[in-house]
Amino acid sequence: MDAKIKVSKTTSENTDFIFLIKTFDAYLWERYPELKKEYWGNNLIEFNTNVCIVYLDKKAVACGCFKKYNTESVELKRMFVLPEARGLGLAQLVIKELEAEAKSQGFKVLILETLYKQIEAINLYQKAGFKIVDNYEPYVGLLNSVCMSKSII
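Participant: Which parts of the structure should I look at to understand helix 4 (residues 119–127)?
Facilitator: In an α-helix, one turn spans 3.6 residues; hence positions three or four apart end up facing the same way. Those residues of helix 4 not exposed but buried are Ala121, Ile122 and Tyr125. Summarising the axial view, the buried residues of helix 4 lie within an arc of 100°, below the 170-degree limit, and thus occupy one face. Helix 4 presents Glu120 and Lys127 as exposed residues on the side facing more than 90 degrees away from its buried surface. Of the surrounding secondary structure, the elements contacted by the buried residues of helix 4 are strand 4 (73–81), helix 3 (90–104), strand 5 (109–115) and strand 7 (145–151). Taken from the residues just after helix 4, glycine 129 is the one with a positive phi, measuring 100°.

Participant: What is the right way to read the environment of methionine 79 from this model?
Facilitator: Mapped onto the fold, methionine 79 is located in strand 4. For methionine 79, a relative accessible area of 12% puts it in the buried group. Distance from methionine 79 to leucine 20, taken between C-alpha atoms, is 9.5 Å for residues 59 residues apart in sequence. Not counting residues up to four positions away in its chain, the partners in contact with methionine 79 are Phe24, Cys63, Gly64, Ala91, Val94, Ile95, Leu98 and Tyr125.

Participant: Just checking my understanding: could you explain the sheet that holds strand 3 (residues 59–68) for this structure?
Facilitator: Each strand in a sheet pairs with another by means of backbone hydrogen bonds, the pair being arranged parallel or else antiparallel. Read from one edge of the open sheet, seven strands run 1-2-3-4-5-7-6, paired in mixed fashion. In the strand order of this sheet, the two ends are held by strand 1 (5–10) and strand 6 (131–133), each with one partner. In this sheet, neighbouring strand axes are inclined to one another by 30° on average, regardless of whether the strands run parallel or antiparallel. Sheet topology note: the strand 2 (residues 51–56)/strand 3 ladder contains six bridges and is antiparallel. Bridging from a neighbouring strand, cysteine 52 pairs with glycine 64 of strand 3. Together, strand 2, strand 3 and strand 4 form the strand contacts of helix 1 (residues 15–31), whose direction differs from that of strand 4 by roughly 80°. Helix-sheet contacts for helix 3 involve strand 1, strand 2, strand 3, strand 4, strand 5 and strand 7, and the interaxial angle to strand 3 is about 35°.

So, how was this worked out
- Residues numbered from 1 in each chain as written.
- Predicted model: local features only at pLDDT ≥ 70, side-chain atom pairs only at ≥ 80, totals over all residues.
- Heavy atoms only, no water.
- Buried < 20%, exposed > 50% of the residue type's maximum accessible area, 1.4 Å probe, protein only.
- Helix = DSSP H or I, 4+ residues; strand = E, 2+ residues; numbered from the N terminus.
- Arc of directions from axis to C-beta.
- Contact = heavy atoms within 4.5 Å.
- Pairing = 2+ DSSP bridges.
- Axes fitted to C-alpha atoms, helices over the stretch in contact; angles between N-to-C directions.

Geometric values such as these leave the question of function open.
As structure tokens, then:
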């Protein structure tokens, strides 16, 4: 396949990012309708300047961002690849871009939360060097959550 891949650093106001996260939310709530009430508030993205979008032949197909968690850590959020673009290594590309940006800003650790049913995501993150850790706030006590961490120093 000779598809042209372009990575763009942008903000959460980017219309392609907004489209991708709305698509992601629809996917999550269709797959996990029972969790919407418990998790909805954790999926809101305030203005964010640390957004990465991957374009495949000029179409936005993958995204992710991070937000500061504490002085040493950032939390990866809104990692998503459209179904038709999966299997091309685009999620790994997003992780690498976000990791490099976090490191350039002086952060030392990436953290994230996913759902225990998201086996593909857990495997992806483990392949990228993340380890499962105890749930951090606001996920403490949420049995559906799997929290992960990766040192980037």
